[in-house]
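For reference, the chains in residue letters:
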Amino acid sequence: MRLINKLGSKSMSYLIKPHSAEFKMGISNPVQFDEWLKANPDIIGVSFVGRSNVGKSSIINALFGSKTARVSKTPGRTREINIFEFELGLNGKKCDLQKFCMIDLPGYGHAEVSKDMSKNWDQLMGSFFAYLSPGMMLVNLQDARHPNQDADKGFHQFLKNYTRNAILVFNKIDKLKTQKERAVLEKLKPSLSKEYKWIRQMYFASAETKKGLAQVEEAIVAHLLEELEIRKSDRVELPDE
Ligand SMILES: Nc1nc2c(ncn2[C@@H]2O[C@H](COP(=O)(O)OP(=O)(O)OP(=O)(O)O)[C@@H](O)[C@H]2O)c(=O)[nH]1
Ligand SMILES: [Mg+2]
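Parameters at a glance
- Residues numbered from 1 in each chain as written.
- Chains lettered and ligands numbered in written order.
- Predicted model: local features only at pLDDT ≥ 70, side-chain atom pairs only at ≥ 80, totals over all residues.
- Heavy atoms only, no water.
- Helix = DSSP H or I, 4+ residues; strand = E, 2+ residues; numbered from the N terminus.
- Contact = heavy atoms within 4.5 Å.
- Polar contact = N/O pair within 3.5 Å; in protein donor to acceptor, adjacent residues only side chain to side chain.
- Salt bridge = Lys/Arg side-chain N within 4 Å of Asp/Glu carboxyl O.
- Buried < 20%, exposed > 50% of the residue type's maximum accessible area, 1.4 Å probe, protein only.
- Pairing = 2+ DSSP bridges.
- Phe/Tyr/Trp six-rings, centres within 6.5 Å; stacked < 30°, edge-to-face > 60°.
- Axes fitted to C-alpha atoms, helices over the stretch in contact; angles between N-to-C directions.

Undergrad: Can you explain the side chain of Arg 51? Please cite residues and give values.
TA: With respect to the helices and strands, Arg 51 occurs in the loop between strand S3 (45-50) and helix H2 (56-64). Those residues in contact with Arg 51, other than ones at most four positions away along the chain, are Lys 56, Gly 107, Tyr 108, Leu 141, Asp 143, His 146, Gln 149, Ala 151 and Asp 152.

Undergrad: Tell me about the environment of Gly 26, and name the residues and values.
TA: Along the chain, Gly 26 turns up in strand S2 (residues 22-27). The spatial distance from the C-alpha of Gly 26 to the C-alpha of Asn 82 is 4.4 Å, given a sequence separation of 56 residues. Setting aside residues no more than four positions away along its own chain, Gly 26 makes contact with Glu 80, Ile 81 and Asn 82.

Undergrad: Which residues make up the environment of Arg 164, and what values do they have?
TA: Within the element layout of this structure, Arg 164 appears in the loop between helix H4 (150-159) and strand S9 (166-171). Here the alpha-carbon distance between Arg 164 and Met 137, two residues 27 residues apart in the chain, equals 6.5 Å. Excluding residues within four positions of it along the chain, Arg 164 makes contact with Phe 129, Leu 132, Ser 133, Pro 134, Met 136 and Arg 200. For Arg 164, the side chain forms a polar contact with the main-chain oxygen of Leu 132, separated by 3.0 Å.

Undergrad: Can you tell me about the pattern of salt bridges, naming the residues and giving the values?
TA: Applying the stated criterion across every chain yields a total of eight salt bridges. Linking Glu 85 and Lys 99 is a salt bridge whose minimum nitrogen-to-oxygen distance equals 4.0 Å. With Glu 85 in strand S4 (residues 81-86) and Lys 99 in the loop between strand S6 (93-94) and strand S7 (100-104), the pair connects residues that are 14 residues apart, well separated along the chain. Owing to a relative accessible area of 26%, Glu 85 belongs among the partly exposed residues under this scheme. You can call Lys 99 partly exposed: its relative accessible area is 42%. We note a salt bridge from Glu 227 to Arg 231, for which the minimum N-O separation is 3.6 Å. Of this pair, Glu 227 and Arg 231 both sit in helix H6 (residues 213-234), four residues apart, which is roughly one turn of that helix. We classify Arg 231 as partly exposed; its relative accessible area is 27%.

Undergrad: Mind laying out the sheet that holds strand S5 (residues 88-90), listing which residues take part and the relevant values?
TA: Taken in spatial order, the three strands line up as S1-S5-S6 in an open sheet, and their pairing is antiparallel. Every other strand in the sheet has two partners, leaving strand S1 (14-16) and S6 as the edge strands with one partner each. Across three bridges, S1 lies against S5 in antiparallel orientation. Bridge pairing in S5 places Leu 15 opposite Gly 89.

Undergrad: Which residues make up the packing of aromatic side chains, and what values go with them?
TA: For the structure on display, the rule yields 14 aromatic pairs. Measuring from centroid to centroid gives 4.9 Å for Phe 64 and Phe 86, while their planes differ by 80 degrees, and the two rings are edge-to-face. Of the two residues, Phe 64 is situated in helix H2 and Phe 86 in strand S4; the sequence distance between them amounts to 22 residues. Each of the two residues, Phe 64 as well as Phe 86, counts as buried. Ring geometry for Tyr 108 and Trp 121: centres 5.7 Å apart, planes at 70 degrees, overall edge-to-face. Residue Tyr 108 is found in the loop between S7 and helix H3 (115-131), and its partner Trp 121 is found in helix H3; the two are separated by 13 residues along the sequence. Taking the relative accessible area as the measure of exposure, Tyr 108 reaches 3% and is therefore buried. Taken together, the ring pairs in this structure connect Tyr 108, Trp 121, Phe 128, Phe 129, Phe 155 and Phe 158 into an aromatic cluster.

Undergrad: Describe the sheet that holds S3, listing the residues and the values that go with them.
TA: Strand order across the open sheet formed by seven strands is S2-S4-S7-S3-S8-S9-S10, with mixed pairing between neighbours. Either end of the sheet is taken by a strand with one partner, and the two such strands are S2 and strand S10 (201-204). Geometrically, the sheet is characterised by an average inter-axis angle of 20 degrees between neighbouring strands, direction not taken into account. Alignment of S3 against S7, held across four bridges, turns out to be parallel. Along S7, the bridge assignment pairs Gly 45 with Cys 101. Strand contacts of H2: S3, S4, S7, strand S8 (136-143) and S9, with the helix running at about 150 degrees to S3, the strand carrying the most contacts.

By themselves, these figures tell us nothing about what the structure is for.
Written as structure tokens, this is what we have:
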């Protein structure tokens, strides 16, 4: 199913424009991140966060075009907050909507990171939740084989006061080989929805096979268009002085 645009009168379908993501900067310093967030209070976009090695960079590459984010064999590789700009395309062509923001956040819960690094992560996430533009949606990635680990639960302690749009994506479903394994995850869904009341929707996906990614993309695009609508209706015309 393609997303039908609400912005125009004609039915049009917007999708993430392939390879439009442009790396803007990497930030690992909490003070610098604070400054960046405060300087960008109105951005519209999407952030990806999840346990180290869950496939954040791989999902980003699958959605935005290969080579957008660095994929590694070493867990904990993405230590910086990587900020990108990207565009939507309309029926595969360029469109005149504004640029959007995409953030690849450093992974949480990797046992081998030092105390200093995990303190740094806490500070970065503290700023993220305090100052992030309300137009940013959050995609929490979890491993389909090991859902809801302690580190995920810990992260949701940050997230539970988050009132913005957040979705949960279980990645690596290609690794669930048997029907039984898939059924276990499916069964977990109702209890997870209860536990994570702030999550709007859950998806099963694989960055490897691309399964389920169309639905995730659809959710992201819907969010971006919704935010544009909100901005349009919020705009107050001031009389000329
Ligand atoms: N089988 C399978 N492997 C995957 C999938 N997604 C990612 N991987 C593999 O998992 C490993 C980690 O992927 P990354 O995308 O670097 O994970 P990350 O979450 O960005 O990791 P950090 O940045 O280190 O926190 C790589 O070896 C990927 O090839 C998937 O859907 N299926
Ligand atoms: Mg990464």
